[in-house]
Amino acid sequence: MLNTFRIAWKNLLRYQRRTILTSLLITVGIVAVLLFISISGSFKAMMIGQITDSMLGQMQVHKRGYVSSIDNLPLHLNMPPRMKEKARQALAELDNVEAYSERVKFGAMFSNFTETTNIRLNAVIPEDEARTAPLLADRIIAGKKEGALLSKGKILVPEIIAKGLNVNPGDTVVLVANNKDGSVNGLTFEVQGVLEGISGPGGRDGYMHIDDARNLLRFEEEDVSEIVIRLKNPGQLEKTFARLDKTLSQYLNKQDKPAFEVHTWDKLSPFSNIAGMIDMLTLFIKIMLVSIVLISIMNVMVMAVYERIREIGTISAIGTRPGRILSLFVTEGLLLGLVGTASGTIISLIIIAVLNVTQLTFSFARQDNLVLAPDISAPEVLTICAVVIVVAILASVQPAWKASRMDPIMALRHV
Amino acid sequence: MSVVSAQQLSKTYQSGDVAVQAIKDVNFTIKPSSFVSFVGPSGSGKSTLLNMIGCLDHPTSGVLKVLDQDVAKLDRHAAAKFRGDHIGFVFQDFNLIPVLTTFENIEYPLMMVQNWPPQKRRERVMELLSAVRMEDQARKRPDQLSGGQKQRVAIARALVTHPRLVLADEPTANLDHDTAYRIIELMKSMRDEFGSTFIFSTHDPKIMKEAEETFVLEDGYVRNQHNSREAAANA
């Protein structure tokens, strides 16, 4: 086998320029794919991380029908305490749950005493919310960041409203809201901080303490609109979702339908469509790479066989078995693939390292100064390398097969 | 016992709609360790006959036995194995592999056909390099060698596997007369040294007389079987 590699390598060096150009093509293809995967993958992971860690969590539990009406923030579709308790029990059985936060979501009128606007609010238990959405605190761009995320009687105002109504931390504002029965109540709150807006649902919501919301909305029971769940291992999302969904689906409502609905983050955020598009683009780029490797190596090997017909006749005449001739040409294709893959991978990893050191920033939607931190996993690199090498072998098989089946007399007569 | 025996051997090619009979009812035998030539003008069937003896082609009819093996019964793979085990080839155009050095060209059959271990390969190649007096050219590539040197390398490559039969199709056709004569002398000395049977084809009367036995081919028939002096005189 080593001898076959040796001869194949010498044959590749026979046409150095062609070998270099083909290897370069594969190298460029590998670099393009690995860089795209690492950059798009890290962008996707960062955006998903932002969305899940500062807002959505990895999963959410609602009363059936809530999500389809979520734009109206319907208070009558909140989960009453008995449902909440069942959900808590189900969550307690899951090892992968790191934390969860119960929220009351509602809409209100927000006034600075001179102007009024609409506001969407998440009323939370601050300690639970901080554990479930750890990046929420990082979004506080003005006001107190230390200590509790929120204090009773205080409110975190979304940036867009703070700017629009010229509200600053320490100011007093009024919230007026309708309760479940339609009656109106109003309370004053102090602005604790201003929250940076982010893309996606809930990205422009304000936050307040859940006890304040219950006072404002005059809740008789401790209803919650949703339970947001953070997982220890997000990679096990589907498995954990399936278990929770199965457990909660056994509870039926009066219409004999499941009382709960469980959603993963991607069913709640439009960013999942962007993530899907990134995956599609990645697939497309991979297909392009496979095509580049297939066509370039096949082209080189077809030429190699054509140019060496007499030589094939000679080695066949002196007793080289057809299988050996086949393996010789396949090895040439394999070596081309290996050289291109190795150089492409090394160059890609160097570029990824350089990008990580230089800490390039970019903007996305309303977010600025996002740091480009490309990253690629070893299994992903190995998969790409394996695909390229397998395609290189496959591309060589047809020309190699032709060479191995050549009639030595005809080959020796070839001019 | 014979190295090659042909009985009523015929070979017909299909050229378009026309059947061309290249070899017609040929009978001959070749003894071990002999130095034999097939002579005749172009198109007389010399190469066809050598191709069949070399198991590169099958007879259309008759029986051709090489080292007691019926050539017609060998399929592609078996024929390749048989050639690799028992037959050496020397070509008119030398047919050395251009990317390999002299040493590597001679080593090739041991490495890629018979799978010898490296140390034994090296010893055997050095022996052959010495036999063809090419030790000082071992690291050169074919494009750095003269025609005569290339054919020496080709002869060494043909002999490196200890073949019982060496076939040389017009081995001197691309060489000047002096070089051609020296190549034939070398082949003869190799026969003497290694005991292989040499069969070569030529149309050069001066070369053919160096053979111990000559078969004259005309229009696909072996017309005469002479000792070489007679053949050369009649050519």
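Cut-offs applied
- Residues numbered from 1 in each chain as written.
- Chains lettered and ligands numbered in written order.
- Predicted model: local features only at pLDDT ≥ 70, side-chain atom pairs only at ≥ 80, totals over all residues.
- Heavy atoms only, no water.
- Contact = heavy atoms within 4.5 Å.
- Buried area = accessible area lost by both parts, 1.4 Å probe.
- Salt bridge = Lys/Arg side-chain N within 4 Å of Asp/Glu carboxyl O.
- Helix = DSSP H or I, 4+ residues; strand = E, 2+ residues; numbered from the N terminus.
- Nonpolar A, V, L, I, M, F, W, Y, C, P; charged D, E, K, R; others polar.
- Buried < 20%, exposed > 50% of the residue type's maximum accessible area, 1.4 Å probe, protein only.
- Lys, Arg positive; Asp, Glu negative; His and termini not counted.
- Polar contact = N/O pair within 3.5 Å; in protein donor to acceptor, adjacent residues only side chain to side chain.
- Domains from an automatic or database assignment.
- Core = buried A, V, L, I, M, F, W, Y, C linked by side-chain atoms within 4.5 Å.
- Pairing = 2+ DSSP bridges.
- Axes fitted to C-alpha atoms, helices over the stretch in contact; angles between N-to-C directions.
- Parallel < 35°, antiparallel > 145°, perpendicular 65-115°, else oblique.
- Left-handed = near helix turned anticlockwise from the far one by under 90°.
- Patch = residues over 30% accessible without salt bridge, like charges linked within 9 Å, V, L, I, M, F, W, Y side chains within 5 Å.
- Areas by Shrake-Rupley, 256 points an atom, 1.4 Å probe, with all protein chains shown as cover.

Peer 1: Just give me the short version of the interface of chain B and chain A, but keep the residues and values in it.
Peer 2: In this assembly, 29 residues from chain B lie in contact with 27 residues from chain A. Three residues stand out in chain B for area buried against chain A, namely R76, V99 and M112 of chain B, and they jointly supply 24% of the buried area on that side. Our count for the chain B to chain A interface comes out at four salt bridges. Among the ionic pairs, E104 of chain B bridges to K10 of chain A, the shortest N-O distance being 3.0 Å. Of all elements in the fold, only α2 (76–86) and α3 (102–113) of chain B reach the threshold of two or more residues within the side of chain B that touches chain A. When the residues that make up the side of chain B that touches chain A are grouped by side-chain class, the tally is 14 nonpolar, five polar and ten charged.

Peer 1: So what's going on with the side chain of E261 of chain A? Which residues, and what values?
Peer 2: Residue and element names in this part refer to chain A. Here E261 is to be found in strand β10 (residues 260–264). It turns out E261 is buried and unbridged, and the closest side chain with the opposite charge, R64, is 5.5 Å from it. Of the polar contacts made by the side chain of E261, one reaches the backbone nitrogen of Y66; its length is 3.3 Å. At 2.9 Å, the side chain of E261 forms a polar contact with the backbone nitrogen of V67. In this view, E261 contacts Q60, V61, H62, K63, R64, G65, Y66 and V67; residues no more than four positions away in its chain are not counted.

Peer 1: How would you explain the domain arrangement of chain A if you had to name every residue and give the values?
Peer 2: By the assigned domains, chain A splits into domain 1 (2–50 + 273–413) and domain 2 (65–258). Using only C-alpha atoms to locate each centre, domain 1 of chain A and domain 2 of chain A end up separated by 51 Å.

Peer 1: Requested: an account of the nonpolar core, with residues and values cited.
Peer 2: Among the nonpolar cores identified, the biggest contains 80 residues, and F28, F38, I53 and I199 of chain B are the most heavily contacted of them. Looking at which element gives the most residues to this core, the answer is helix α11 (residues 378–404) of chain A, with nine residues. What F28 of chain B contacts, discounting residues up to four positions off in sequence, is V4, S5, A6, F38, L49, I53 and F215 of chain B. Core analysis: the next-biggest nonpolar cluster, separate from the first, contains 59 residues, F43, V191, L237 and I278 of chain A among them.

Peer 1: Describe the pairing of strand β5 (residues 154–158) of chain A, with residues and values.
Peer 2: Residues and elements named next belong to chain A. Counting buried residues along β5, four of its five residues qualify, which places the element largely inside the surrounding structure. Bridge count between β5 and strand β7 (residues 184–195): five bridges; the pairing is parallel. Bridging from a neighbouring strand, L156 pairs with G193 of β7.

Peer 1: Explain the packing of helix α8 (residues 271–307) of chain A against α11 of chain A residue by residue, including any values.
Peer 2: All names here are of chain A. Interhelical geometry of α8 versus α11 gives an angle of 30° and a closest axis separation of 8 Å. Between α8 and α11, the angle is such that the two are roughly parallel. The two elements α8 and α11 meet at a crossing, and its hand is right-handed. Here α8 contributes K286, L289, V290, V293, L294, I297, M298, M301, V302 and V305 to the contact with α11, which in turn contributes E380, I384, V387, V388, V391, A392, A395, S396, Q398, P399 and A403. Among the residues making up the contact of α8 with α11, the classes are represented as 17 nonpolar, two polar and two charged.

Peer 1: Summarise the pairing of strand β9 (residues 213–218) of chain B; cite the residues concerned and give the values.
Peer 2: A regular strand places its side chains on the two faces of the sheet in alternate fashion. All names here are of chain B. Taking burial as the measure, the six residues of β9 include five buried ones, the bulk of the element. Pairing between strand β3 (residues 35–39) and β9: four bridges, direction parallel. The residue of β9 that forms the bridge with S37 is T214.

Peer 1: Hey, could you go over the side chain of E210 of chain B for me, with residue numbers and the actual values?
Peer 2: You can see E210 of chain B is positioned in the loop between α7 (205–208) and β9. Residues contacting E210 of chain B, with those up to four places away along its chain left out, are F35, Y181, I184, E185 and K188 of chain B.

Peer 1: Go over a nonpolar patch on the surface, please, and point to the residues and values.
Peer 2: Residue and element names in this part refer to chain A. A cluster of nonpolar residues, L294, I295, V390, L394, V397 and W401, forms a patch on the protein surface that exposes about 580 Å² of accessible area. Among the elements of the structure, α8 and α11 are those that each provide at least two residues to the nonpolar patch. It is α11 that provides the largest number of residues to the nonpolar patch, a total of four residues. For V390, the position within the fold is in helix α11. The class for V390 is partly exposed, based on a relative accessible area of 45%.

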